[in-house]
Amino acid sequence: MSLSALAYVGIRSDDLGEWADYATNLLGMQMVDRSKKTLSLRMDDRKQRFIIHDDPGGGLKLMGWEVASRADLETVCNKLEEAKVPYSQMTPTLCEERFVKEGIVLNDPAGNRVEIVLEPALADDGFVPGRSISGFVTGPLGLGHAVLTVPDMDETCRFYQEVLGFKLSDFVLSPFKAYFFHTNSRHHSLALIEMPKLGTHHLMMELYNLDDVGQGYDIALTKPERIGATLGRHSNDFMTSFYTFTPSKFMIEYGWGGKSINVDTWEPYEMKDGPSLWGHERAWLDEAGRERAREMRMNAAKNNVREPVYVTGDNYRVSEIDCLWWNTEARNR
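Notes on the structure in this doc start here. (Residues numbered from 1 in each chain as written. Predicted model: local features only at pLDDT ≥ 70, side-chain atom pairs only at ≥ 80, totals over all residues. Heavy atoms only, no water.)

### With respect to the pairing of strand 5 (residues 60-67)
Right, on to step 1. Taking burial as the measure, the eight residues of strand 5 include seven buried ones, the bulk of the element.
Right, on to step 2. Bridge count between strand 5 and strand 8 (residues 113-118): five bridges; the pairing is parallel. Opposite V67, over in strand 8, you have L118 as the bridge partner. (Buried < 20%, exposed > 50% of the residue type's maximum accessible area, 1.4 Å probe, protein only. Helix = DSSP H or I, 4+ residues; strand = E, 2+ residues; numbered from the N terminus. Pairing = 2+ DSSP bridges.)

Here it is, written out as structure tokens:
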């Protein structure tokens, strides 16, 4: 697999001030640079993860995907040439702006700008969150995941799978059609939703502590019109999360507890219980779509669909439960 993770994103906005407030006070990101035309944000030891551009229209301006080695970058270039997909080398000035050693620039079939880069730079100092949070799950998993809306699902899926080497994790056909792809052990780093209009649906950021998410939800609820989806848990990556609308008119999913997969043995499948086990009342769906999603959640509950909580050594602590009935039930299960 040539691409290793989502390294950074560029975002269009006509209100850098609103983005600065949203990113630091709700999301807990660190603002590291601000000019008249751009806003640079950190979420870990990388020099930057989000670049907000003074560019009207909203949505993602670009996605930066990293490779682990120069050999992997050459492999990507060879695949692009075989598929007759045009690309260009990043200029030294652009590399400096992105804090990367080198890279290439291209467009996917839907017209989204894609940058594939080598050796994103680390910062000289530690990450300082904009509010009190435990931190973001990044490292080899990348900054999170990106979800795009595309009018031609088949062509775009083929490009990301056959040319860039993404692997299918799973897919859902109702209440909307969506395909989820991985490039590392994060369940998905990219997803595509079929819609008539090209755009950005959401970005996901994963936290190390569930309370970080809950406290963020409290902040978001002070402006209820900002809620894009209520607190809930997904049925594929098991993320407990909520969604807010950004100043750029797409959403950010803010979550905890995402599932890790074995990329060597994973088999894709169709999700038939719907996209969420509970919650996630979606403001962005029409009433018919929301009703269908509710029906699927109710059926999942009726059919006793339950999933384990996925944890790492950093995001949980085992508690003792002194209850004979519960201990007996746990053993039976």
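### Points about the sheet that holds strand 16 (residues 251-256)
Right, on to step 1. The ten strands are arranged 17-10-11-12-9-13-16-15-14-18 in an open sheet whose pairing can be described as mixed. Edge positions in the sheet fall to strand 17 (269-270) and strand 18 (276-279), since each has one partner strand and no second.
Right, on to step 2. Across four bridges, strand 14 (residues 227-234) lies against strand 15 (residues 240-245) in antiparallel orientation. Pairing of I227 across the sheet is with T244, part of strand 15.

### Overview of the packing of aromatic side chains
Aromatic rings considered in pairs are described by the distance between their centres and by the relative angle of their planes.
Right, on to step 1. Under the criterion given, the structure shown has eleven aromatic pairs.
Right, on to step 2. Between W19 and Y22, the ring centres sit 5.4 Å apart and the planes meet at 85°, which makes this aromatic pair edge-to-face. A residue pair is termed a helical-turn pair when its members lie 3 or 4 positions apart in one helix, as W19 and Y22 do in helix 1 (residues 16-27) at three residues. Neither W19 nor Y22 differs from the other in exposure class; each is buried.
Right, on to step 3. Considering the side-chain rings of F176 and W284, the 5.4 Å spacing of their centres and the 55° angle between planes classify their relative orientation as tilted. In this pair, F176 is assigned in the loop between strand 10 (167-172) and strand 11 (178-182) and W284 in the loop between strand 18 and helix 6 (287-302), connecting sequence segments 108 residues apart.
Right, on to step 4. For F176, a relative accessible area of 13% translates into the label buried.
Right, on to step 5. Here the aromatic cluster, defined as three or more aromatic residues joined through ring pairs, consists of W65, F159, Y160 and F166.
Right, on to step 6. In this arrangement the basic side chain of K259 is found over the ring face of F238, its NZ or CZ atom lying 4.3 Å from the centre. (Phe/Tyr/Trp six-rings, centres within 6.5 Å; stacked < 30°, edge-to-face > 60°. Lys NZ or Arg CZ within 6 Å of the ring centre and 35° of its normal.)

### Here we look at the side chain of H280
Right, on to step 1. Tracing the chain through its elements places H280 in the loop between strand 18 and helix 6.
Right, on to step 2. With relative accessibility at 0%, the residue H280 sits in the buried group.
Right, on to step 3. Among the polar contacts made by the side chain of H280, one reaches the side chain of S241 at a distance of 3.0 Å.
Right, on to step 4. If we ignore the near neighbours within four places in the chain, the residues touching H280 are A229, T230, L231, G232, R233, H234, M239, S241, Y243 and R297. (Polar contact = N/O pair within 3.5 Å; in protein donor to acceptor, adjacent residues only side chain to side chain. Contact = heavy atoms within 4.5 Å.)

### Overview of the sheet that holds strand 2 (residues 30-34)
Right, on to step 1. With mixed pairing, eight strands are arranged side by side in an open sheet as 2-3-4-1-5-8-7-6. Where the open sheet ends on each side, the last strands, each with one partner, are strand 2 and strand 6 (87-89). With direction set aside, neighbouring strand axes in the sheet form an average angle of 20°.
Right, on to step 2. Where strand 7 (residues 102-107) lies against strand 8, six bridges are found, and the strand directions are antiparallel. Bridging across to strand 8, G103 finds its partner in V117.
Right, on to step 3. The sheet contacts of helix 1 involve strand 1 (3-13), strand 2, strand 3 (38-42) and strand 4 (50-54), and relative to strand 3 the element is tilted by about 5°. (Axes fitted to C-alpha atoms, helices over the stretch in contact; angles between N-to-C directions.)

### Digging into the side chain of E206
Right, on to step 1. Considering the arrangement of structural elements, one finds E206 in strand 13 (residues 199-207).
Right, on to step 2. Judged by relative accessible area, E206 falls into the buried class, the value being 7%.
Right, on to step 3. There is a polar contact of 3.0 Å between the side chain of E206 and the side chain of R186.
Right, on to step 4. A distance of 2.9 Å separates a polar side-chain atom of E206 from the backbone nitrogen of G258.
Right, on to step 5. Filtering out sequence-adjacent residues up to four positions away, E206 remains in contact with G135, F136, V137, R186, M239, G255, W256, G257 and G258.

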